[in-house]
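# Geometric and topological summary
One letter stands for each residue in the lines below.
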Amino acid sequence: MSDLRDTRLDKAQALRELGNGPYAVGFKPTHATAFLQEEHKDLPNGEERDGAVIVAGRIMSRRVMGKLAFFTLADESGTIQLYLEKAALEAQRIDSFKQLTDLVDSGDWIGVQGILRRTDRGELSVKVHKWQMLSKSLQPLPDKWHGLADIEKRYRQRYLDLIVSPQSRETFRRRALLVSAIRRFLDARGFLEIETPVLQAEAGGAEARPFMTHHNALDLPLFLRIATELHLKRLVVGGFEKVYELGRIFRNEGISTRHNPEFTSVEVYQAFSDYNDMMNLTEELIASICLEICGSIKITYQGTVIDLSPPWRRETMHSLVLEATRIDFSKLTDYAEATNAMHEAGLDVPETADSVGRLLNAVFEQAVEPNLIQPTFVLDYPIEISPLARQHRSKSGLVERFELFIFGREMANAFSELIDPIDQRQRLESQQIRKQAGDLEAHGIDEDFLNALEVGMPPTGGLGIGIDRLVMLLTDSPSIRDVIAFPVLRPESKASISES
């Protein structure tokens, strides 16, 4: 690698001495390669078309054959062949062909001007008359046939992954389009996006372990937000009836194929609505985004056909658990009875499951969640695990909450929001007790949020959707790190130590 780099450094110096780079200030192409491929697809083999075109991009491959050479140039839109003929180039500048073939390597950025020619073999090409070095690459590209076989390197050096993998570029293009489409969907329905603080005195809105930092000027310990919920609710208290925020969330938790400490979510709050309205909104939003991004409401994820055509299945947590395990939690009120039923069904009883409601959730996670492949709304959660959702209007011990599952993964979470400040205080005090007992994911008490509720919040439905998991679904990506451009990774030196 060092010898190759030294050789390329020598070529960069030679280009500098020739007054051709190696690092240009600017360049103005007239066409994208994809446009040329489409616009001139009728050009017959062996013929040329008058009219100069100027294109720029990275050289991906090169073949030199005496007085002819063929390079492949790639820009963001696609690729096109460069047809390099010694006579045509040297009519413009002596030794231009030799300099181009000797000093330009795969990986270099160049700009060219020429006319279009369809080769005898049918390849649309730019017959180059002039060229300019735009940026000399000092390191060779990965092998074009095998790309980046090292998955860790794909994440660590995403720029190389994007260069050699059109599929990776398409994933991030779709991600950008998806984010824009969600904003358009919500904006068109009267929602306003209002930004809320990333640095917070009390991290709340979810059960999660936060990252901590320190504000030097105020000498104040702060947390990175684990949700946008509590501040968006303050906006509803203030009179905004439809608000949302799409942004980064930070949770100091484990890393897996579906978890990353830094991720993106959208949270939506609508006054005068409940979790039934949020179900309808979720269904409409995801189905319409899928149709726009993928061109169909039926997609294939990891070999399984997923049908996102509404309406989606809606079942209570109780009924799904009963169906999967024959344990009827609607009739279980005694903790010992519930644990015995779990043992008889061959299920684990987590040490943290200290109530019947938490046992119900544990059974659901073990026996039901992995099998929810087609889109399913799971309704009516235990009150113990839902401190910000209102009590169910007709079912004791439950709240009006749903989660959406697709392919065994939680995709969305929504409540009829708890707006009773007295009930909310009691719930947060219970969370505070768990926190003091060592539960790192439990809430503290946000007094300002409770004060906002005492000012008065209208009946409200709230919804959160994980953007990364939705992108995974719509791009057939097996890992969350495939859809985050720069995922959090252990430094290479530490990674090599741990691996040895």
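Below: a short report on this structure. (Residues numbered from 1 in each chain as written. Predicted model: local features only at pLDDT ≥ 70, side-chain atom pairs only at ≥ 80, totals over all residues. Heavy atoms only, no water.)

## Looking at the overall build of the protein
This is how the line gets drawn: Counting from the N terminus, the helices are the DSSP runs of H or I reaching at least four residues and the strands are the DSSP runs of E reaching at least two. The criterion used for residue contact is that any of the two residues' heavy atoms lie within 4.5 Å. Accessible areas in this description were obtained via Shrake-Rupley with a 1.4 Å probe; residue shielding takes into account the shown protein chains only.
When its secondary structure is counted, the protein shows 16 helices and 18 strands. Referenced to the eigenvectors of the C-alpha coordinate spread, the extents of the protein come out at roughly 90 × 55 × 50 Å. Here the analysis covers contacts within the protein between residues at least 6 apart in sequence; of these, 66% occur between residues at least 24 apart. Of the roughly 24,400 Å² that the protein leaves accessible, carbon and sulfur atoms contribute 50%.

## A closer look at the sheet that holds strand 5 (residues 124–135)
Condition: Note on pairing: DSSP must find at least two bridges between two strands before they are called paired. Lines are fitted to the C-alpha atoms to define the axes, a helix being fitted only along its stretch in contact, and any angle between axes, read from their N-to-C directions, falls within 0 to 180 degrees.
Read around the barrel, 5 strands follow the order 1-2-3-5-4 and close on themselves; strand pairing throughout is mixed. Between one strand axis and the next, the sheet turns by 55° as a mean value, whatever way the strands run. One ladder, built from 3 bridges, connects strand 3 (residues 78–85) with strand 5; its direction is parallel. For Tyr-83, the partnering residue across the bridge sits in strand 5 and is Lys-127. Contacts from helix 4 (residues 96–103) reach strand 1 (48–65), strand 2 (68–75), strand 3, strand 4 (109–118) and strand 5 within the one sheet, and its direction differs from that of strand 2 by about 60°.

## Let's talk about the packing of aromatic side chains
The following threshold applies: For Phe, Tyr and Trp, rings pair up if their centres lie within 6.5 Å, where Trp contributes its six-membered ring, and each pair is then called stacked (planes under 30 degrees apart), edge-to-face (over 60) or tilted (otherwise). Lysine NZ or arginine CZ positioned within 6 Å of the ring centre and within 35 degrees of the ring normal marks a charge as sitting over the ring.
Counted under the stated rule, the structure contains 6 aromatic pairs. Here a set of aromatic residues connected by ring pairs shows up, and it is made of Trp-312, Phe-377 and Phe-402. Positioned above the aromatic ring of Tyr-83, the side-chain terminus of Arg-117 is 4.8 Å from the ring centre. Directly above the aromatic system of Phe-185 lies the positively charged group of Arg-189, at a separation of 3.5 Å from the ring centroid.

## Some words on the environment of Leu-100
Rules: Three labels apply to residues, based on accessible area from a 1.4 Å probe with only protein chains included: buried if under 20% of the type maximum, exposed if over 50%, partly exposed otherwise in between.
Note on placement: Leu-100 falls in helix 4. With a relative accessible area of 1%, Leu-100 lands in the buried category. Through-space distance from the C-alpha of Leu-100 to that of Ala-69 is 9.6 Å; in sequence the pair is 31 residues apart. Setting aside residues up to four positions removed in sequence, Leu-100 forms contacts with Arg-62, Phe-71, Leu-84, Leu-89, Ile-110 and Trp-131.

## Here we look at the packing of helix 7 (residues 166–188) against helix 9 (residues 275–294)
Our working definition: Should an angle fall under 35 degrees it is taken as roughly parallel, and over 145 as roughly antiparallel, whereas 65 to 115 is taken as roughly perpendicular and any remaining angle as oblique. Crossing handedness is defined as follows: a turn of the near helix away from the far one that is anticlockwise and smaller than a right angle gives a left-handed crossing, while the clockwise case is right-handed.
The N-to-C vectors of helix 7 and helix 9 enclose an angle of 135°; their axes lie 10 Å apart at closest approach. Between helix 7 and helix 9, the angle falls in the class oblique. Here helix 7 and helix 9 pass one another in a crossing that is right-handed. Listed contacts from helix 9 to Arg-174, Leu-177, Leu-178, Ala-181, Ile-182, Arg-184, Phe-185 and Leu-186 of helix 7 are Leu-281, Glu-284, Leu-285, Ser-288, Ile-289, Glu-292, Ile-293 and Cys-294.

## A short note on the pattern of salt bridges
Here is the rule we go by: The working definition used for a salt bridge is a side-chain nitrogen of Lys or Arg within 4 Å of a carboxyl oxygen of Asp or Glu.
Under the criterion given, the structure shown has 40 salt bridges. One salt bridge connects Asp-482 with Arg-154, and the closest N-O pair in it is separated by 3.6 Å. Within this pair, whereas Asp-482 is found in the loop between helix 15 (467–475) and helix 16 (492–499), its partner Arg-154 is found in helix 5 (residues 151–156), the two being separated by 328 residues in sequence. For Arg-154, a relative accessible area of 22% gives the class partly exposed.

## Thoughts on the packing of helix 10 (residues 317–325) against helix 12 (residues 356–368)
Heads up, the rule is: Under the convention adopted here, Pro, Cys and the residues Ala, Val, Leu, Ile, Met, Phe, Trp and Tyr are nonpolar, Asp, Glu, Lys and Arg are charged, and Gly plus all remaining residues are polar.
Between helix 10 and helix 12, whose axes approach to 10 Å, the crossing angle comes to 55°. Between helix 10 and helix 12, the interaxial angle falls into the category oblique. Crossing of helix 10 against helix 12: the hand is left-handed. In this structure, helix 10 uses Met-317, His-318, Leu-320, Val-321, Ala-324 and Thr-325 to contact helix 12, whose residues at the interface are Leu-360, Asn-361, Val-363, Phe-364, Ala-367 and Val-368. Here the contact of helix 10 with helix 12 is composed, by residue class, of 9 nonpolar, 3 polar and no charged.

## With respect to unusual backbone geometry
Between Gly-21 and Pro-22 the backbone carries a cis peptide bond, its omega angle lying at 10°. Among the structural elements, Pro-22 can be located in the loop between helix 1 (2–18) and helix 2 (33–39). Each neighbour pair has its own omega, and for Pro-310 with Pro-311 the value is 0°, a cis peptide bond. Along the chain, Pro-311 falls in the loop between strand 13 (304–307) and strand 14 (313–316). Phi angles above zero are rare outside glycine, and Asp-95 is one such case at about 65°. With respect to the secondary-structure elements, Asp-95 resides in the loop between helix 3 (86–90) and helix 4.

## A few points about the sheet that holds strand 11 (residues 262–271)
Taken in spatial order, the 8 strands of this open sheet run 6-10-11-18-17-16-15-14, and their pairing is mixed. Each of the sheet's edge strands pairs with one partner strand only, and the pair in question is strand 6 (192–193) and strand 14. With 6 bridges joining them, strand 16 (residues 398–406) and strand 17 (residues 409–416) adopt antiparallel strand pairing. Residue pairing in the sheet places Glu-403 in a bridge with Asn-413 of strand 17. Strands in contact with helix 8 (residues 229–237) are strand 10 (242–250), strand 11, strand 17 and strand 18 (460–466); relative to strand 11, the strand with the most contacts, it is inclined by about 25°. Sheet contacts for helix 9: strand 11, strand 14, strand 15 (376–382), strand 16, strand 17 and strand 18; angle to strand 16, the most-contacted strand, approximately 10°.

## Some remarks on the pairing of strand 16
The element strand 16 is largely enclosed, with a buried count of 9 among its 9 residues. Here strand 16 shows a buried face lined by Leu-398, Glu-400, Phe-402, Leu-404 and Ile-406 and a second buried face lined by Val-399, Arg-401, Glu-403 and Phe-405. Judged from the 6 bridges that link them, strand 15 and strand 16 form a sheet pairing that is antiparallel. From the neighbouring strand, Tyr-381 faces strand 16, where its bridge partner is Val-399. Counting the residues in the hairpin turn of strand 16 and strand 17 gives 2 residues, including Phe-407, whose phi is positive at 55°.

## A word on helix 4
Summarising burial for helix 4: 6 of the 8 residues are buried, a large majority. Taken together, the buried positions of helix 4 are occupied by Ser-96, Phe-97, Gln-99, Leu-100, Thr-101 and Leu-103.

## Here's the deal with helix 10
Keep this limit in mind: The arc under discussion is defined with respect to the helix axis, by the directions toward the C-beta atoms.
Residues of helix 10 that are buried include every one of Met-317, His-318, Leu-320, Val-321 and Thr-325, and no others. One side of helix 10 carries all its buried residues, which in axial view fall inside an arc of 165°. At its buried positions, helix 10 is contacted by strand 14, helix 12, strand 15 and strand 16. Downstream of helix 10 by one or two residues, Arg-326 has phi in the positive range, about 65°.

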